[in-house]
Amino acid sequence: FIPTPTKINFINKLINAGCNNVEVTSFVSPKAIPALEDHSEVMSEIVTTWKKQKDDGREIILSSLVPNVKGLEKACEVGAMDEVAIFGSVSETFSKKNINCSVQESITRFHNVSKITQEKNIPLRGYISCVLGCPYEGNIKPSSVAKYAEQLLELGCHEISLGDTIGVGTPKATVEMLREVKTVADTKQIAVHFHDTYGQALANIYASITEEGISVVDSSVAGLGGCPYAKGASGNVATEDVIYMLHGMGMHTGIDLDQLIEAGLYISNVLGRPTRSKVALALSTKKG
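All figures in this text were calculated on a predicted structure; none of them were measured in a lab.

Cut-offs used in this document
Residues numbered from 1 in each chain as written. Predicted model: local features only at pLDDT ≥ 70, side-chain atom pairs only at ≥ 80, totals over all residues. Heavy atoms only, no water. Helix = DSSP H or I, 4+ residues; strand = E, 2+ residues; numbered from the N terminus. Rg over C-alpha atoms; globule rule 2.2 N^0.38 Å. Buried < 20%, exposed > 50% of the residue type's maximum accessible area, 1.4 Å probe, protein only. Contact = heavy atoms within 4.5 Å. Phe/Tyr/Trp six-rings, centres within 6.5 Å; stacked < 30°, edge-to-face > 60°. Lys NZ or Arg CZ within 6 Å of the ring centre and 35° of its normal. Arc of directions from axis to C-beta. Axes fitted to C-alpha atoms, helices over the stretch in contact; angles between N-to-C directions. Parallel < 35°, antiparallel > 145°, perpendicular 65-115°, else oblique. Left-handed = near helix turned anticlockwise from the far one by under 90°. Nonpolar A, V, L, I, M, F, W, Y, C, P; charged D, E, K, R; others polar. Pairing = 2+ DSSP bridges. Right-handed = clockwise from strand over helix to strand, strands pointing away. Core = buried A, V, L, I, M, F, W, Y, C linked by side-chain atoms within 4.5 Å.

A.B. asks: Explain the overall build of the protein chain to me, and be specific about the residues and the numbers.
C.D. replies: Helix and strand content of the protein chain: 11 helices and seven strands. Here the C-alpha atoms of the protein chain give a radius of gyration of 18 Å, agreeing with the 19 Å that 2.2 N^0.38 yields for 288 residues. Along the first, second and third principal axes, the C-alpha atoms of the protein chain reach 50 × 45 × 35 Å. Within the protein chain, buried positions represent 50% of all 288 residues.

Below you can see the structure in the form of structure tokens.
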């Protein structure tokens with residue numbers, strides 16, 4: 001368990017580095033994930049810390065995952081109303097293992113969450129797992145991803161994050177999947193989310209941006225993360241590596257790479273493991 005003050009310090013470092021859209025925590029049951037039992041305390045502190053800058057005009061989005069209505073209620077109690085996210089999968093087997101229901105049952109469950117977010121005017125984001133492959137079912141049809149994305153949009157999601165949970169996707173498969181999803185969603189409604197298990201994440205992001213016009217990319221500082229239901233899957237692509245690539249492409253992100261690397265090294269030291277960011281390793285060695 002990472003101490004609560006450490007989590008708060010880490011998130012503040014990310015925002016200070018220029019990360020204006022941060023998924024702070026997940027309002028899941030402590031019985032399911034004890035490591036997140038302090039979700040309310042962490043979010044409350046972060047909301048309070050950055051309230052003045054937000055009031056002064058800085059566009060900071062403090063997002064959180066909500067698996068159900070109870071999670072949403074917890075989020076609302078601490079003022080976490082910038083954006084909430086629901087998460088499902090296009091794989092029946094993965095869905096049952098991850099959220100204990102079928103694909104269609106997950107959509108039914110989300111209706112109640114969606115109803116409340118619309119009543120409270122809270123932006124709703126939707127995650128789709130296993131869009132390029134499943135550890136149990138293998139390849140996933142792009143048409144299945146598009147169908148699920150369409151259902152999430154009908155629920156009121158303003159953005160759909162397409163996740164290659166096990167990191168098996170390649171640029172060609174990525175483009176094919178995105179083109180299918182774009183038959184039901186506008187480009188501006190699509191985000192991409194790549195795990196780097198097979199070292200394809202940056203290539204997939206590059207293809208998503210240059211070939212399909214995607215402008216929202218999920219990432220994780222130091223390549224943290226993974227999935228307990230996908231054996232061998234690595235964490236999400238390292239934010240430091242994504243930012244280095246985007247800056248090299250002449251794109252403006254508003255993020256200070258040096259500060260971002262420092263935040264990644266900080267949390268990696270807390271965890272007692274090396275960062276998974278190749279850029280952070282290269283630049284820290286160069287400076288050292």
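Once the structure has been displayed, the description carries forward.
A.B. asks: Quick one: what's the story with the side chain of Ser 268, residue by residue and with numbers?
C.D. replies: One can find Ser 268 in helix α10 (residues 257–271). Residue class for Ser 268 comes out buried when judged on its relative accessible area of 3%. Not counting the four nearest positions on each side in its chain, Ser 268 is found in contact with Ala 222, Arg 273, Pro 274 and Thr 275.

A.B. asks: Outline unusual backbone geometry, listing residues and values.
C.D. replies: Of note, Cys 130 is a non-glycine position whose phi angle comes to about 60 degrees, a positive value. One can find Cys 130 in the loop between β4 (124–129) and α6 (142–155). Judged by its relative accessible area of 0%, Cys 130 is buried. Non-glycine residue Ala 222 carries a positive phi angle of around 65 degrees. Relative to the elements of secondary structure, Ala 222 occurs in the loop between β7 (216–218) and α9 (239–248).

A.B. asks: Tell me about the packing of aromatic side chains, and name the residues and values.
C.D. replies: By the definition in use, this model includes zero aromatic pairs. The lysine or arginine in question, Lys 13, covers the ring of Tyr 266, its NZ or CZ lying 5.0 Å from the ring centre. Its end group placed over the ring of Tyr 127, Arg 125 keeps NZ or CZ at 5.1 Å from the ring centre.

A.B. asks: Summarise helix α4 (residues 92–99); cite the residues concerned and give the values.
C.D. replies: Taken together, the buried positions of α4 are occupied by Phe 94, Ser 95 and Ile 99. What you see down the axis of α4 is that its buried residues fit within an arc of 100 degrees, all on one side. Its buried side turned inward, α4 meets β3 (83–89), α5 (103–120) and β4. Backbone geometry just downstream of α4 places Asn 100 in the positive-phi region, at approximately 60 degrees.

A.B. asks: So what about the packing of helix α7 (residues 171–181) against helix α8 (residues 201–212)? Which residues, and what values?
C.D. replies: One way to put it is that α7 packs onto α8 with a least axis distance of 9 Å and a crossing angle of 45 degrees. One finds that α7 runs oblique with respect to α8. With respect to the hand of their crossing, α7 and α8 are arranged in right-handed fashion. Taking contact as the criterion, the partners of Pro 171, Thr 174, Val 175, Leu 178 and Arg 179 in α7 are, on α8, Ala 203, Asn 204, Ala 207, Ser 208, Glu 211 and Glu 212. Residue classes in the contact of α7 with α8 are distributed as five nonpolar, three polar and three charged.

A.B. asks: Residue-level account of the pairing of strand β1 (residues 21–26), with values.
C.D. replies: Alignment of β1 against strand β2 (residues 61–65), held across five bridges, turns out to be parallel. When the bridges of β2 are listed, Ser 26 appears paired with Leu 65. Note on the crossover from β1 through helix α2 (residues 39–55) to β2: the handedness is right-handed.

A.B. asks: Quick one: what's the story with the nonpolar core, residue by residue and with numbers?
C.D. replies: Soluble, globular proteins show a tendency: their nonpolar side chains are buried together. Counting 75 residues, the largest nonpolar core has Ile 46, Ile 128, Leu 152, Leu 162 and Leu 260 as its most contacted members. In terms of residue count, the dominant contributor to this core is α6 (six residues). In contact with Leu 152, not counting residues within four places along its chain, are Ile 86, Ile 107, Phe 110, Gly 126, Tyr 127, Ile 128, Cys 157 and Ile 160. With six residues, the next largest nonpolar core counts Leu 65, Ala 85, Cys 101 and Tyr 127 among its residues.

A.B. asks: Break down the sheet that holds β4 for me, with residues and values.
C.D. replies: Taken in spatial order, the seven strands make up an open sheet running β1-β2-β3-β4-β5-β6-β7, and their pairing is parallel. Every other strand in the sheet has two partners, leaving β1 and β7 as the edge strands with one partner each. Sheet twist, expressed as the mean angle between neighbouring strand axes with direction ignored, is 30 degrees. Sheet strands in contact with α6 are β3, β4 and β5 (159–164), and its direction is about 160 degrees off that of β4.

A.B. asks: How would you sum up the environment of Gly 169? Please name residues and give values.
C.D. replies: By secondary structure assignment, the location of Gly 169 is in the loop between β5 and α7. A residue is classified by how much of its surface remains accessible, and Gly 169, at 2% relative accessible area, is buried. Sequence separation between Gly 169 and Leu 132 is 37 residues; the distance between their C-alpha atoms is 5.4 Å. Aside from chain neighbours lying at most four places away, what touches Gly 169 is Leu 132, Asp 164, Gln 200 and Asn 204.

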